[in-house]
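# Commentary on secondary and tertiary structure
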Amino acid sequence: MPPRHLVGALVAALVVGCGAPGEVRQAAPPLRVVVMDPLALELACDCVAGYAQRRYDRLAGFLARRLGRPVELAFAEALSSPRVGAREGIDVVIGKCSVVRFDAARLGLKLRTVAMLSGKDGEATQRGLFIVRSADLARAVRDLAGRRILFGPEEADEKRSATLATLEAFDLPRPATPVLRPSCNAAALAVLDGEADAAVVSGYALPLLEGCGTIDKGALRIVGTTDPVPFIGVFAADRMTPEGEDALRNALLDVRRDRRLLAALESRDGFLALPAIPPDAPAWPDWRGLRRDATSPDVPARLPARRRLLWSRTLTGPGMSGLAVARGRLLVADKDAKDARDIFRCLDADTGRELWRLAYPAAGEMDFTNSPRANPVIHDGLAYLLGAFGDLHCVRPDSGEIVWTRHLLRDFGAERPAWGTCGTPLVVGHKLIVAPGAKDAALVALDRLTGKVVWATPGIQPGYGSFILATLGGVRQIVGHDATSLGGWDPETGRRLWTLVPDEEGDYNVPTPIAVEGRLLVATENNGTRLYGFDGQGRILPTPLAASEALAPDTATPVALDGLVVGASGRLVCLDLHDGLKTLWQDESEEFAHHCSFIAGPRRVLAMAQAGRLHLLAASRRGLRRLGSLDLFGDVAATERDVWSHPALVGNRLYVRNLLGVYCFLLD
């Protein structure tokens with residue numbers, strides 16, 4: 001596909017807008033923009049009518065008028081092109097995300113995401129295509145077992161990392177050293193010439209390969225695709241001020257109002273906001289978020305009209321464990337295809353690319369799969385990963401290096417609960433609190449840096465939920481369930497401070513207690529929802545301040561917001577926290593009849609239903625108002641849509657794990 005103009009040439013250009021308001025003043029410094037979009041007019045051929053002819057000069061004119069400064073364009077396939085002058089100073093890069101990030105890292109350039117450009121289909125992603133000769137007997141990716149497959153270079157995610165993930169998802173071996181071809185042209189021709197059985201090419205490239213005559217139409221056949229990866233992104237360089245970056249993002253978002261410009265950019269919906277998440281920004285590093293209360297200031301005021309997928313990654317096993325996201329990394333628990341090994345994967349939170357993995361033997365029968373249940377925990381440069389069979393690893397999230405390991409069952413002589421080890425480890429200062437459930441070590445504090453035992457306290461088997469740290473009755477304490485009771489423990493010594501046995505036996509004790517306004521909210525399937533007070537010594541008052549049988553969840557933890565309690569147990573229920581847990585309203589819709597995860601924000605709640613539908617709710621004492629809903633997995637088989645894993649919300653990115661894989665959606 002020969003480019004129309006010399007790749008890397010500076011397209012000169014001072015693009016000057018005209019007219020008021022926003023008339024360009026020549027004295028304003030130019031905005032230097034490098035375009036690396038392979039579908040740009042200057043970087044592609046014109047073999048296919050209306051395709052790969054994106055007019056970035058039109059965008060430059062629009063930005064010049066909106067920003068009140070000239071815009072200077074350069075077109076290149078790589079940031080290292082000498083005519084780009086990356087080291088001399090650029091402001092903005094627009095291009096294929098994986099290539100831009102790869103080049104920037106190699107050159108030591110710091111770039112921040114600003115937005116994504118949607119395509120003609122409205123999506124901001126692309127896929128790799130598995131292609132074979134038309135006469136080949138292969139009909140699906142699984143048929144490529146033992147065949148010679150050509151990959152793309154490391155910087156092309158759709159032809160490299162996403163391809164390897166797809167092979168793993170089909171239980172095909174990953175090649176120790178992938179055989180590479182530098183371009184889609186070279187890979188396609190190699191397959192036609194019989195040098196390989198199959199190749200992976202970029203989804204956007206196939207129409208150009210056929211349109212330019214590189215291959216005859218129909219000579220190659222698609223037998224499968226990779227997961228979607230981010231395609232064309234807009235990045236701001238370090239020299240852009242925060243104010244300038246915001247102005248640029250706002251201008252880009254307004255492109256969607258200009259139909260002619262949308263047509264010139266071959267885009268249906270224009271640009272989608274993708275603000276960079278600062279490393280020190282609030283993240284989602286633990287079970288139910290930063291404070292284990294499933295609250296977030298990032299709950300949006302509304303949902304987009306249609307789902308906005310940034311990336312997805314097919315996994316090899318089902319998932320029960322929630323997600324942890326911090327400092328640009330996402331930790332997700334997985335299982336191998338044979339259910340014999342636990343796998344914890346660290347993915348780039350912006351792209352889904354796998355950065356490292358931890359895998360170890362973990363075979364055995366267990367109800368509700370034998371996958372890990374406990375949420376990964378990221379805290380102060382370390383991560384804690386607990387499997388259902390009791391394997392506990394402390395690793396460095398930056399590299400995956402193992403710092404220390406323990407086995408909660410073997411090390412403390414505990415029996416495995418029927419549903420496995422479920423409680424997420426709790427960080428309390430320098431200690432990591434875990435619940436082996438052994439007679440002499442029911443609850444244990446480990447030194448979180450070394451894994452050595454700080455204290456152990458006797459008791460019985462654990463419940464299936466997670467502990468919290470709270471100050472109740474003026475006393476700082478660890479609160480949670482064992483198999484039959486609710487309790488509080490001194491975090492410094494492990495001494496049990498109090499025990500509360502509920503009226504009705506048989507609770508599985510899955511939902512997490514919630515500390516709210518100095519009181520404790522507890523919800524279980526046989527005893528309903530109760531609100532407890534505490535005496536001046538931090539001991540629970542056994543008679544609840546309020547109780548409700550209307551909300552009695554077996555697995556789903558409710559949320560508390562604005563004096564309300566919202567949860568699901570066969571239906572959606574709202575209780576009044578300030579009026580005796582009185583039922584304010586209920587919703588009998590089928591989508592809330594099963595497991596549901598909640599994230600609360602100011603006056604709003606995100607509800608992730610088990611069947612894969614996301615709801616945004618406005619909750620008040622007056623009633624329920626639905627602000628929007630999205631079917632997140634319309635293209636996923638019903639048997640794989642279920643969401644048991646708690647989602648994570650960071651900025652405008654919602655990370656969701658269903659039985660098939662993990663997804664990143666944009667909520668704007």
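That block above? That's the structure.
In what follows, the accompanying structure is described. Quick caveat: nothing in here was measured; it's all calculated off a predicted structure. (Residues numbered from 1 in each chain as written. Predicted model: local features only at pLDDT ≥ 70, side-chain atom pairs only at ≥ 80, totals over all residues. Heavy atoms only, no water.)

Position of S267 among the secondary structure elements: in the loop between α7 (259-264) and β14 (271-273). In this structure the side chain of S267 is engaged in a polar contact, spanning 2.9 Å, whose partner is the backbone oxygen of S118. When near neighbours in sequence (up to four residues on either side) are disregarded, S267 contacts L117, S118, G119, K120 and L262. (Helix = DSSP H or I, 4+ residues; strand = E, 2+ residues; numbered from the N terminus. Polar contact = N/O pair within 3.5 Å; in protein donor to acceptor, adjacent residues only side chain to side chain. Contact = heavy atoms within 4.5 Å.)

Strand order in this open sheet of four strands is β28-β29-β30-β31, and the pairing throughout is antiparallel. Only two strands of the sheet have a single neighbouring strand rather than two, namely β28 (468-472) and β31 (496-500). Ignoring which end each strand starts from, the neighbouring axes of this sheet average 30 degrees apart. Pairing between strand β30 (residues 486-489) and β31: four bridges, direction antiparallel. In the sheet register, W489 faces β31, and the bridge partner there is R496. (Pairing = 2+ DSSP bridges. Axes fitted to C-alpha atoms, helices over the stretch in contact; angles between N-to-C directions.)

Moving on: the nonpolar core. Counting 55 residues, the largest nonpolar core has Y56, L59, L252 and F271 as the members making the most contacts within it. Setting aside residues no more than four positions away along its own chain, F271 makes contact with L59, A115, M116, L117, V234, L252, L253, V255, R256 and L265. Formed by 53 residues, the second largest nonpolar core is a distinct cluster that contains L107, V299, V332 and F665. (Core = buried A, V, L, I, M, F, W, Y, C linked by side-chain atoms within 4.5 Å. Buried < 20%, exposed > 50% of the residue type's maximum accessible area, 1.4 Å probe, protein only.)

Once that is clear, we can look at unusual backbone geometry. Trans is the prevailing form of peptide bonds, just as negative phi is the prevailing case for residues other than glycine. A positive phi angle is found at D339, which is not glycine, with a value near 55 degrees. Position of D339 among the secondary structure elements: in the loop between β17 (329-335) and β18 (341-348). At D380, a position not held by glycine, the phi torsion is positive, near 50 degrees. Here D380 is to be found in the loop between β20 (377-379) and β21 (382-386).

What follows concerns empty space enclosed by the protein. Counted under the stated rule, the structure contains two cavities of 30 Å³ or more. Here the largest cavity defines a volume of roughly 110 Å³. Along the wall of the largest cavity there are 15 residues; nearest its centre are G423, T424, V434, A435 and F467. Residue classes in the lining of the largest cavity are distributed as nine nonpolar, six polar and no charged. Considered as a void within the structure, the second largest cavity measures approximately 80 Å³ in volume. Around the second largest cavity, the lining comprises 13 residues; the ones closest to its centre are A442, L443, I460, D482 and W489. (1 Å grid on protein atoms, 1.4 Å probe; cavity = no way out; pocket = protein on both sides within 12 Å on 5 of 7 lines; lining within 4 Å. Points joined across faces, edges and corners; volume = space filled by probe spheres on them. Nonpolar A, V, L, I, M, F, W, Y, C, P; charged D, E, K, R; others polar.)

Attention now goes to the pattern of salt bridges. Side chains that carry opposite charge are capable of pairing whenever their charged atoms lie near each other. Here the structure, examined in full by the defined rule, presents 50 salt bridges. R147 is the salt-bridge partner of D136, the closest N and O atoms lying 2.5 Å from each other. Highlighted residues: D136 in the loop between β7 (128-133) and β8 (149-151) and R147 in the loop between β7 and β8, separated in sequence by 11 residues. For R147, a relative accessible area of 27% puts it in the partly exposed group. (Salt bridge = Lys/Arg side-chain N within 4 Å of Asp/Glu carboxyl O.)

The next subject is helix α3 (residues 161-169). With seven of nine residues buried, α3 lies mostly within the body of the structure. The complete set of buried residues in α3 reads A162, T163, L164, A165, T166, L167 and E168. Downstream of α3 by a residue or two, D171 has a phi angle that is positive, lying close to 60 degrees.

This part takes up the sheet that holds strand β40 (residues 596-601). Sheet architecture is open: four strands sit in the order β40-β41-β42-β43, paired in antiparallel fashion. Looking at which strands have only one partner, the edges of the open sheet turn out to be β40 and β43 (623-631). The average undirected angle you get between the axes of adjacent strands in this sheet is 20 degrees. In terms of strand pairing, strand β41 (residues 604-609) meets strand β42 (residues 613-620) through five bridges, oriented antiparallel. Along β42, the bridge assignment pairs L606 with L616.

Function cannot be read off these values alone, since they describe shape.
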